[in-house]
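Analysis of the macromolecular model
Here are the chains, one letter per residue:
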Amino acid sequence: MGIQQGLPEGFNPGGYDAIVVGAGYAGATCARRLADACGLRIAIVERRPHIAGNAYDHLDEAGVLIHEYGPHIYHTTNDRVHQFLSRFTEWTDYQHKVLANIHGELMPVPFNHASLKLAFGEERGEHLYQKLVATFGENKKVPIMELREKNDPELSEVADYVYENVFLYYTMKQWGKTPDQIDPSITGRVPVFVGDDDRYFPAAPHQGMPAESYTALFKRMLDHDLIDVFLGVDVRDFLSIEDGRVVMCGRPYGGDVIYTGPLDELFGLDLGALPYRTLDMVFETLDVDQFQPVGTVNYTTSEDFTRITEFKNMTGQVVPGKTTIMREYSRAYEPGSGQTPYYAILEDQNLELYRSYRARVEGIVNFHCVGRLAEYRYYDMDGVVASALELSDAIISQH
Ligand code: FAD
Ligand code: UDP
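What this report covers is the structure whose coordinates are included nearby.

Conventions used here
- Residues numbered from 1 in each chain as written.
- Chains lettered and ligands numbered in written order.
- Predicted model: local features only at pLDDT ≥ 70, side-chain atom pairs only at ≥ 80, totals over all residues.
- Heavy atoms only, no water.
- Helix = DSSP H or I, 4+ residues; strand = E, 2+ residues; numbered from the N terminus.
- Rg over C-alpha atoms; globule rule 2.2 N^0.38 Å.
- Buried < 20%, exposed > 50% of the residue type's maximum accessible area, 1.4 Å probe, protein only.
- Contact = heavy atoms within 4.5 Å.
- Areas by Shrake-Rupley, 256 points an atom, 1.4 Å probe, with all protein chains shown as cover.
- Disulfide = S-S within 2.5 Å.
- Phe/Tyr/Trp six-rings, centres within 6.5 Å; stacked < 30°, edge-to-face > 60°.
- Lys NZ or Arg CZ within 6 Å of the ring centre and 35° of its normal.

**Side note on the overall build of the chain**
A count of helical and extended segments in the chain gives twelve helices and 22 strands. For 399 residues, the compact-globule estimate of 2.2 N^0.38 gives 21 Å, and the chain sits close to it at 23 Å. Overall, the chain is about 75 × 50 × 40 Å in size when its C-alpha atoms are taken along their principal axes. For the chain, buried positions account for 57% of its 399 residues. Considering only contacts within the chain whose residues lie at least 6 apart along the sequence, 73% involve residues at least 24 apart. Surface summary for the chain: the accessible area is close to 17,200 Å², and the carbon and sulfur share equals 47%.

Listed below in structure tokens is the structure:
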């Protein structure tokens, strides 16, 4: 029915069939589907003053469309996710490209045929490329940690170069650890590409940017007679888990609760805080048309920040004489400090701690955890929507 700041006087959760915590992809997807498919009346409570979660974008003072919480590029191989989101937006045909600044020279990342020739020279690069083709085949993705295991001097030469110049310093900055100290699935997100495709997401048949903005996509998704959104409201002010039941405003609540926030916060961190990395995002508007040749440049051998994003290069927006760029600085997240927990740290003891919190809500049939925070996962936007579609399927089947 609408989006408003704060809760109305006399707010009664019992007047809603379901309460959704968080207005990001996870919450908005579930809310929309439950309203559409079952006619449930839904209240979404969101503690930020805006919708769209980490995908929130808006015009800055120079009129440039910026992504407040870091560069978001839509890409998916999942047809169902694409169909669902495409109800609320059209897409541009933007194909994300990233260059690594390696000792001052810009080379494509994922590291590919062209990068090899830039790094090793035309002739040697071509020779090493043919070796990669003979070993892995053409148009194949090879995670760096897999390439490092090959027992061949020429493949090791490539692996060492890429490890040292693309992954080591960047990963140290991003995670405070070396690539071999972190879960291999993380560096595996950006595998060496044995081919010429220089896109960051070569496998994704659907990719682009929402034609208008992410925030506009969310506005449409949440524009439904049965959905109310209350911004600037922290659900912990009136929701708690007591004796295996959901309690709201002091009374047991029997409707469905879809929770997309950090699970440890719901219990006052009483088992310990789930570790995350947070980011400082430093925006700068420059009096030039364009600052860099692509959407994102990764600084893999220098600087304290990990990458610089230039938003106009991704959105295609035309703003003559002005451009806004953003540098990302990563550091350990301090619980309770008001920082944003951006990246779960996928290590055994952290996952074990997460499972302990999760076990506390597992038997509560009307309490559901979904999303990057509530599932403590390294999800892209499409992964979150896929998870939310599955959860809403299950809830819908019970109504
Ligand atoms: P969120 O967007 O975090 O939404 C959860 C919401 O719950 C938040 O708005 C939060 O304020 C609210 N909330 C939490 N606790 C409470 C509470 N107690 N009371 C009320 N509200 C609460 N994905 C891609 O596909 N492509 C990209 O290019 C990409 N780039 C990224 C870049 C960065 C820097 C980051 C951090 C992520 C990126 N992602 C990208 C991932 C993407 O942001 C997430 O997958 C997605 O936004 C997660 O959606 P969500 O709904 O699970 O969580
Ligand atoms: N990575 C790296 N150098 C790069 C790009 C990525 O070391 O130039 C590593 C780094 O550990 C990073 C991970 O690969 O955290 C995943 O990169 P991705 O670009 O997918 O990260 P995100 O956009 O989610 O921050």
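So much for the structure itself; the text now carries on.
**Topic: the state of the cysteines**
Considering all chains together, one arrives at zero disulfides under this definition. Residue Cys369 stays outside any disulfide, its sulfur separated by 11 Å from that of Cys30, the closest cysteine.

**Here we look at the packing of aromatic side chains**
According to the stated counting rule, one finds 21 aromatic pairs in the structure shown. When the centroid spacing of 5.6 Å and the interplanar angle of 65° are considered together, the rings of Phe11 and Phe238 count as edge-to-face. On the criterion of sequence distance, the pair formed by Phe11 in the loop between strand 1 (2-5) and strand 2 (18-21) and Phe238 in the loop between strand 12 (227-231) and strand 13 (239-242) is long-range, its members being 227 residues apart. Between Tyr74 and Trp91, the ring centres sit 4.0 Å apart and the planes meet at 10°, which makes this aromatic pair stacked. One end of the pair, Tyr74, is in strand 6 (residues 74-76); the other, Trp91, is in the loop between helix 2 (79-85) and strand 7 (98-102), and 17 residues separate them in sequence. A network of ring pairs unites the aromatic residues Phe11, Tyr16, Phe230 and Phe238 as a single cluster. The cationic tip of Arg48 hangs over the ring face of Tyr69; the distance from NZ or CZ to the ring centre is 4.0 Å.

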